[in-house]
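Coordinate inspection notes
Chain by chain, the residues run as shown.
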Amino acid sequence: MKALWLKKRMTASLEDLRADARFRQTPGLDRGADRMLECGGRQYLNLASNNYLGLAGHPQVKRAAMEAVELYGASSGASRLITGTYSLYDRLETELAGFKGCEDALVLGSGYAANLAIVSALADRHAVVFSDRLNHASIVDGIRLSGARQVRYRHNDMDHLRACLEQYREAERKLLVTDTVFSMDGDVADLGAIIELCREHDVAVVVDEAHGAGIFGGGRGLAHELGLTKEIDVHMGTLGKALGAHGAYVTGDRTLTDWLRNTARPFIFSTALPPAAVGAALAAVQLIGESPDMGRTVLDMAERLRSHCRAAGLDTGESATQIVPVILGSNERALRGQEILRERGVWAGAVRPPTVPKGSARLRLCLRADLTDQDMILLESALESLAEELA
Ligand SMILES: *Cc1c(COP(=O)(O)O)cnc(C)c1O
């Protein structure tokens, strides 16, 4: 590196992170999407991946990816509006629109890109965007990119949201964006109340189903489960979590998708997804359509795990989904908890501030449909050891 100021700046900040035990590295592990992941020559039960339905390794999904590569090659070769759209892409979008019961669907390169695309295309510097305080970073970044005024309301606090909406009553362009399933707490947005408030104030509603897709509503998401599909202006979901592929989708009215195709910069100025991802996603959507109860299985496992945790005196917060946090408090306790589970062959991530509020460091357990009864027993006994040791 030639620029001295840059080298000095980065070195100093990285030292601070190390001193504060906040320095991060990609973990040296293998098979991280599988039921059993590998690290340092040992196998661990994988409770950290978002491959909730195990579809990333499903024979039909893998075959679809390989067939797409055979047919189209490894790369799409260009952005969507140039030559990057091939017929498999059109089929995926048609399938997604039908699956979600919306007029049209648009597929983007990732959930991060999709949120940047949606928010920056729908809001500008004259707009106000209401955002739950625990929304995903990509929503926060989308609001920044749009130049809109960001109004963050307290997590799931409808009185606070109402007060915020009142405060900006006169604003003309208003948007509300929310995760449906919150990724660090595994709780759900109060969509019914949110929609009611937004209709009252003429606010457009965007829902991010990154962790709801594949799980709730026969795989269509939480909005569908609650019968609220038609009340929502923009549905977004990802293809790289429960769907086991890669990318993201936006569904809604044709006017919306036309607008995004014409104005959303992360859509326009980025190379289209590779054939393997599109083929895999299409197979995954079809599989979920044929077996709509897969998500329910994972939710039942999570319910069983939560009652087990409660009995052991462990705090799972407001979790109501396949994501079950075990809230341990200090960073040290969370790291010790992670170690205890690793010793017993269970891999779960310790999540610490600033990702979660200070004093609420936790282990984040992601249930998955391919866990066996024996896996559940191993997990439960590991959590009992953890409860005993950290009591
Ligand atoms: C993971 C996630 C995203 C980003 O999706 P990627 O496809 O991983 O880029 C967006 N929103 C939420 C709520 C997420 O959990």
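Residues numbered from 1 in each chain as written. Predicted model: local features only at pLDDT ≥ 70, side-chain atom pairs only at ≥ 80, totals over all residues. Heavy atoms only, no water.

Taken together, Ser110, Gly111, Tyr112, Asn115, His136, Ser138, Asp179, Asp208, Ala210, His211, Thr238 and Lys241 make up all the residues around the ligand. Glycine 111 is positioned such that a nitrogen or oxygen atom in its backbone is 2.7 Å from an oxygen atom of the ligand. Counting residues per element, the shell around the ligand draws most heavily on helix α5 (residues 111-122), at three residues. Split into classes, the residues belonging to the shell around the ligand amount to two nonpolar, seven polar and three charged. (Near = heavy atom within 4 Å. Polar contact = N/O pair within 3.5 Å; in protein donor to acceptor, adjacent residues only side chain to side chain. Helix = DSSP H or I, 4+ residues; strand = E, 2+ residues; numbered from the N terminus. Nonpolar A, V, L, I, M, F, W, Y, C, P; charged D, E, K, R; others polar.)

Its location among the elements puts histidine 201 in the loop between α8 (191-200) and β8 (204-208). In this structure the side chain of histidine 201 is engaged in a polar contact, spanning 3.2 Å, whose partner is the side chain of glutamate 166. Of the polar contacts made by the side chain of histidine 201, one reaches the side chain of arginine 169; its length is 3.5 Å. Ignoring any residue separated from it by four or fewer positions in sequence, one finds histidine 201 in contact with Leu165, Glu166, Arg169 and Lys174. (Contact = heavy atoms within 4.5 Å.)

Bringing empty space enclosed by the protein into the picture now. Tallying each qualifying case throughout the model produces one cavity of 30 Å³ or more. Approximately 40 Å³ is the volume attributed to the largest cavity. Lys100, Glu209, Arg220, Gly221, Ala223, His224, Thr229 and His235 together form the lining of the largest cavity. Grouping the constituent residues of the lining of the largest cavity by class yields one nonpolar, four polar and three charged. (1 Å grid on protein atoms, 1.4 Å probe; cavity = no way out; pocket = protein on both sides within 12 Å on 5 of 7 lines; lining within 4 Å. Points joined across faces, edges and corners; volume = space filled by probe spheres on them.)

Split into domains, the chain comes out as domain 1 (29-56 + 293-389) and domain 2 (73-290). Spacing between the C-alpha centres of domain 1 and domain 2 amounts to 27 Å. Across the boundary between the two partners, domain 1 contributes 22 residues, which contact 20 residues of domain 2. Together domain 1 and domain 2 conceal approximately 1,700 Å² of surface at their shared face, both sides included; 64% is due to carbon and sulfur atoms. Inspection of the domain 1/domain 2 interface yields two salt bridges. Secondary structure elements with two or more residues in the side of domain 1 that touches domain 2: α13 (294-311), β11 (323-329) and β14 (361-366). (Domains from an automatic or database assignment. Buried area = accessible area lost by both parts, 1.4 Å probe. Salt bridge = Lys/Arg side-chain N within 4 Å of Asp/Glu carboxyl O.)

If a strand is regular, its side chains alternate between the two faces of the sheet. Burial analysis of strand β9 (residues 234-238) places five of its five residues in the buried class, the great majority of the element. Burial of the side chains of β9 extends over both faces: Val234, Met236 and Thr238 are buried on one face and His235 and Gly237 on the other. Relative to β9, β8 runs parallel, the two being bridged by three bridges. Note that in β9 the partner of aspartate 208 across the bridge is methionine 236. Where β9 meets strand β10 (residues 248-252), four bridges bridge the pair, whose relative direction is antiparallel. The partner of threonine 238 across the bridge, within β10, is alanine 248. (Buried < 20%, exposed > 50% of the residue type's maximum accessible area, 1.4 Å probe, protein only. Pairing = 2+ DSSP bridges.)

Before going further, it helps to examine helix α10 (residues 254-263). Restricting attention to buried positions, one finds in α10 the residues Leu256, Thr257, Leu260 and Arg261. Seen from one end, α10 has its buried residues packed into an arc of 130°, which puts them on one side. Opposite the buried face of α10, by more than 90 degrees, sit the exposed residues Thr255 and Asn262. Where α10 is buried, its residues touch α3 (80-84), β4 (104-108), α5, β9, β10 and α11 (265-268). (Arc of directions from axis to C-beta.)

It is worth spelling out the environment of glutamate 303 at this point. Within the secondary structure, glutamate 303 is located in helix α13. Accessibility expressed as a relative area gives 39% for glutamate 303, which makes it partly exposed. For the pair glutamate 303 and threonine 321, spaced 18 residues apart in sequence, the C-alpha to C-alpha distance is 7.9 Å.

Applying the stated rule across the entire model yields four aromatic pairs. Centroid distance tyrosine 44 to tryptophan 347: 5.0 Å. Interplanar angle 75°. Geometry classified as edge-to-face. Of this pair, tyrosine 44 sits in strand β3 (residues 42-46) while tryptophan 347 sits in strand β12 (residues 346-347), and the two are 303 residues apart along the sequence. Taken as a pair, tyrosine 44 and tryptophan 347 share a single burial class, namely buried. Relative to tyrosine 168, the ring of phenylalanine 130 has its centre 6.2 Å away and its plane inclined at 70°; by these criteria the two rings are edge-to-face. (Phe/Tyr/Trp six-rings, centres within 6.5 Å; stacked < 30°, edge-to-face > 60°.)

So, on to helix α6 (residues 137-146). Every buried residue belonging to α6 is among Ser138, Ile139, Val140, Gly142, Ile143 and Ser146, and all of these are buried. Lining the buried residues of α6 we find α5, β5 (128-132), β6 (149-153), β7 (174-179) and β8. Just downstream of α6 lies glycine 147, where phi reads positive at about 80°.

Closest axis-to-axis distance for the helix α4 (residues 87-100)/helix α12 (residues 275-290) pair is 9 Å, and the angle between their directions is 30°. The angle between the axes of α4 and α12 places the two elements in the roughly parallel class. Crossing angle aside, the handedness with which α4 passes α12 is left-handed. Seen from α4, the contacting residues are Leu88, Tyr89, Arg91, Leu92, Glu95, Leu96 and Phe99; seen from α12, they are Pro275, Val278, Gly279, Ala281, Leu282, Val285, Gln286, Ile288 and Gly289. (Axes fitted to C-alpha atoms, helices over the stretch in contact; angles between N-to-C directions. Parallel < 35°, antiparallel > 145°, perpendicular 65-115°, else oblique. Left-handed = near helix turned anticlockwise from the far one by under 90°.)

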